[in-house]
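Here are the chains, one letter per residue:
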Amino acid sequence: MAVGISTERKDALAKVSGRAKYTEDFAVKGMKHAVYVRSTIAHGRVVRINAEKAQALPGVRAVFTYADVPQIKFATAGHPYALDRAARDVEDRLLLTRDVRLEGDEVAIVVADSELIARRAARLVEVEYESYPPLVTPEAVLAAGARNIHPDGNIVGAHAYEVGGEVQQAEKEATIVVEGRYSTAMVQHCHLENHIAYAYMEDDGNIVVVSSTQIPHIARRIISEALDFPLGNIKVIKPYLGGGFGAKQDVVVEPMVAFLTRKLNGAPVQINLTREETMSCTRTRHPFHGHIRGGIDDHGVLQFIDLDVVSVTGAYASHGHAIALAGGAKTCAMYPRSVIRYNARTVYANMPSAGAMRAYGTPQVAFMVECLVEELARKAGIDPLEFRLRNVGRSGDINPLNKQVIINHGLKDCLDKGREIFQWDRKKIDYADKKSGSVRSGIGVACFSYASGTYPGNVEIAGCRLILNQDGSVHVHVGATEIGQGSDTAFAQMAAETTGVHYDQVKVISTQDTDYTPFDTGAYASRQTYVNGQAVYKASLEFRDRILSYAEEITGRVKEALTIAGDRIVYASHPQTTVISLRDLAIDSYYHKDRGGQITSEVSYKTRTNVPVFGCTFVALDVDIELCKVTIREILNVHDSGKIINPLMAAGQVHGGMSMSIGAALYEELLVDEVSGHIYNNNLLDYKLPTMTDMPDLDCAFVEIAEPTASYGQKALGEPPAISPAPAIRNAILDATGVAPTQLPMSPKSLFRLFRANGLL
């Protein structure tokens, strides 16, 4: 047995010892370095560029401007290709631009012998601008007569739905109605490894791009589109990756390095963004601004939720309206018995571009919904936990949006388990008399739902190849990308579970190379364990059958009587009796003159299901009124993610997501001046990212309900932990102070204004 065990991660030793090789660790002889010339204004147009001083600097090899690049607009979002043109991402990017849409937009690029020379030269490039007033807020962007940021207007996309009935009728049956306005901030992924890629050309004219990317196969396609270059002549290699959290689900520098190596006759060229560039010129989380209403009847039954949101995608579409679309859909699985109306628009703005970030719009929507639910419960005089238990879905409910039966709805189980572990009922009594004075205490709870991929919105295709090596070990090739989440380890456990080969003998090849790695769309949407797990399972079954068939051929034993046990072929009824060792079988298959051949198996599989996952967060905290400071005393996440493949690794995933949500709740905000569009804090000194010393002890638990549509009973886990901590913290602050925050982050600055407005200061 391998699944369900806390095995050691396959990449643990390489990473903790410093031996793991990342993109920057691969030196190529004659490497050139490229640095962008970035706009100093947020909105305008380039009138003139003078690069003479830069070109005269020793060591500078070339300077390219917007006039030198292909005038092919392309989309940067790492989504699978859509056969339906209307479903494709917005193509609004050029490699370099004359039309400036954010501070730091790329108007030119310098290539030099060293990064130091390139940066010095970039500062020597003189750019003259025609400046326009920046549009930063939704109100400014949507105002009558506002200048178009892109030719087609300032609205990227919009959609609306009303399911479960009609809000107008449901409101008539509601005896309590609550409404409010909420907003979430623009936050940064802050992955350790900045965006980096380099490219070179092989003798036969092929382009090789080595990149820190979550989506090597999709990056290959987008490079082809951006350069109008044959896809089959492009190879993308992904080494170890130092985090992404969605920021690397876009192509950010890959098309440019491919362009530059072509322009420089195949010379290797690298772009290695600084932290400041990464924070303001790559991708962020979409700020959401929303108005929400909801109502309950005399029995505390949720009648309707009516939410209208504006999502700000920034200067370029990136993932565009898909974020708002996906984020709004999750509420329907969480509260499937209610009428739900959702109206969403996504707009451009002269600020950093927003893209995919862990949980893909759901944290923003869940914050608004769970704040509303909390206020409804309190207005009705119902315990917030009891209110949720009364209204969340149950197994067998039908999701009113997609009309699918929710086979396993574990949210009630999560709430019940959390109630016991957190000791909610006791804490309610203990905290009842801690609502006054300079330090006040409270408890809070919030729920979430999420998905296990993107189907039917996108194709869910995954591939897996297994190879029996000559020593009896097994190599697993997958297109799914390990970005730190532990997917390689999970796939090794799955392969070991199904084949019977010992986990220690299974090696997953962590480097993806699009020339030989099976096709997979990449690491996003919490899809890999659920989607790629299907391919691993089917390939492993086929692989096991081929090994046993060959064992029958060379031993004469009927294969149905045999099984694989670690490094041996044994009798299924007498596993202590060895028929042949796996090593001897492998050697025979490779080198016997008259029989055998390399034993392999390869499967490409399209998953046509997408199951929801559920969970909740419980929080106990103190609020220092005078310091406007929140101290979390206890925090617990409980998850329904089906069968847990690796409990220790799963806990690590949950802790990481909780940390990100705590950061978004209390600290993090990328600040943009509304007048100039200037970005104030695109560095790790001024951007208040919580450190280890800021984090409370993190606790998590799982409700393991095996999912029948999955290969090993598993469901998604990677992104969901980042959803519910923020609203749970908000609800605990409300419980402690009686004051309801409506925006993230709930930093001391924000709480000071709130407490003063409500007479606490």
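Above this note sits the structure.
Described below are features of the structure shown in this document. Treat the numbers as computed from the prediction; the structure is a model and nothing was measured.

Calculation criteria
- Residues numbered from 1 in each chain as written.
- Predicted model: local features only at pLDDT ≥ 70, side-chain atom pairs only at ≥ 80, totals over all residues.
- Heavy atoms only, no water.
- 1 Å grid on protein atoms, 1.4 Å probe; cavity = no way out; pocket = protein on both sides within 12 Å on 5 of 7 lines; lining within 4 Å.
- Points joined across faces, edges and corners; volume = space filled by probe spheres on them.
- Nonpolar A, V, L, I, M, F, W, Y, C, P; charged D, E, K, R; others polar.
- Buried < 20%, exposed > 50% of the residue type's maximum accessible area, 1.4 Å probe, protein only.
- Helix = DSSP H or I, 4+ residues; strand = E, 2+ residues; numbered from the N terminus.
- Pairing = 2+ DSSP bridges.
- Phe/Tyr/Trp six-rings, centres within 6.5 Å; stacked < 30°, edge-to-face > 60°.
- Lys NZ or Arg CZ within 6 Å of the ring centre and 35° of its normal.
- Contact = heavy atoms within 4.5 Å.
- Axes fitted to C-alpha atoms, helices over the stretch in contact; angles between N-to-C directions.
- Disulfide = S-S within 2.5 Å.
- Polar contact = N/O pair within 3.5 Å; in protein donor to acceptor, adjacent residues only side chain to side chain.

### Here's the deal with empty space enclosed by the protein
Point 1. Counting across every chain of the model gives five cavities of 30 Å³ or more.
Point 2. The space that makes up the largest cavity amounts to roughly 130 Å³.
Point 3. Around the largest cavity sit 13 residues that line it, and Tyr-36, Phe-74, Arg-93, Leu-95 and Val-252 are the ones nearest its centre.
Point 4. Residue composition of the lining of the largest cavity, grouped by class: nine nonpolar, one polar and three charged.

### Quick look at the pairing of strand β5 (residues 106-112)
Both faces of the sheet carry side chains from a regular strand, because those side chains alternate between them.
Point 1. Among the seven residues that make up β5, seven are buried, leaving the element largely enclosed by the rest of the structure.
Point 2. Pairing between strand β1 (residues 32-38) and β5: six bridges, direction antiparallel. Across the sheet, His-33 pairs through a bridge with Ala-112, a residue of β5.
Point 3. Bridge count for strand β3 (residues 60-65) against β5 is five bridges, and the pairing is antiparallel. Paired with Ala-62 across the strands is Val-111, a residue of β5.

### Focus: the packing of aromatic side chains
Point 1. By the definition in use, this model includes ten aromatic pairs.
Point 2. Taken together, a centroid distance of 5.7 Å and an interplanar angle of 75° make the contact between Phe-64 and Phe-259 edge-to-face. With a gap of 195 residues between them, Phe-64 in strand β3 and Phe-259 in helix α7 (residues 254-263) connect regions that are remote in the sequence.
Point 3. You can call Phe-64 buried: its relative accessible area is 9%.
Point 4. Summarising the aromatic geometry, the rings of Trp-424 and Phe-618 are spaced 5.9 Å apart at their centres and angled 70° between planes, so their arrangement reads as edge-to-face. Here Phe-618 lies in strand β25 (residues 613-624) and Trp-424 lies in helix α14 (residues 424-430), a separation of 194 residues in the sequence. One exposure class covers both Trp-424 and Phe-618, and it is buried.
Point 5. Counting every residue linked through ring pairs, the aromatic cluster contains Phe-422, Trp-424 and Phe-618.
Point 6. Stacked on the ring of Tyr-503, the Lys or Arg Lys-10 has its end atom at 4.0 Å from the ring centre.

### Side note on the sheet that holds strand β12 (residues 269-272)
Point 1. Judged by pairing direction, the sheet is mixed, and its eight strands sit side by side in the order β3-β5-β1-β12-β9-β10-β11-β20 without closing on themselves. If you trace the sheet from one side to the other, it starts and ends with β3 and β20 (512-513), each paired once.
Point 2. Here two bridges tie β1 to β12, and the two strands are oriented parallel to one another. Across the sheet, residue Lys-32 finds its bridge partner in β12, namely Val-269.
Point 3. The strands that helix α3 (residues 115-124) touches are β1, β3, β5 and β12; relative to β1, the one it contacts most, it runs at about 25°.

### A few points about the state of the cysteines
Point 1. Applying the stated rule across the entire model yields zero disulfides.
Point 2. With no disulfide of its own, Cys-371 lies closest to Cys-447 among cysteine sulfurs, the gap being 13 Å.
Point 3. Taking the relative accessible area as the measure of exposure, Cys-371 reaches 0% and is therefore buried.
Point 4. Cysteine Cys-700 shares no disulfide, and the gap to the nearest cysteine sulfur, in Cys-414, comes to 12 Å.

### Describing the side chain of Thr-514
Point 1. Among the secondary structure elements, Thr-514 is positioned in the loop between β20 and α16 (528-555).
Point 2. A polar contact of 2.9 Å, which involves the side chain of Thr-514, links it to the backbone nitrogen of Val-236.
Point 3. Leaving out residues up to four positions away in the same chain, Thr-514 has contacts with Pro-216, His-217, Arg-220, Ile-234, Lys-235 and Val-236.

### Examining the sheet that holds β25
Point 1. Strand order in the open sheet made by the four strands is β16-β25-β26-β27, with mixed pairing throughout. The sheet terminates laterally at β16 (439-450) and β27 (699-702), the two strands that pair on one side only. Ignoring which end each strand starts from, the neighbouring axes of this sheet average 15° apart.
Point 2. Pairing analysis gives eleven bridges linking β25 to strand β26 (residues 629-640), with the strands arranged antiparallel. Bridge pairing in β26 places Val-623 opposite Val-630.
Point 3. Strands in contact with helix α18 (residues 647-666) are β26 and β27; relative to β26, the strand with the most contacts, it is inclined by about 140°.

Any functional reading would require information beyond the geometric quantities listed.
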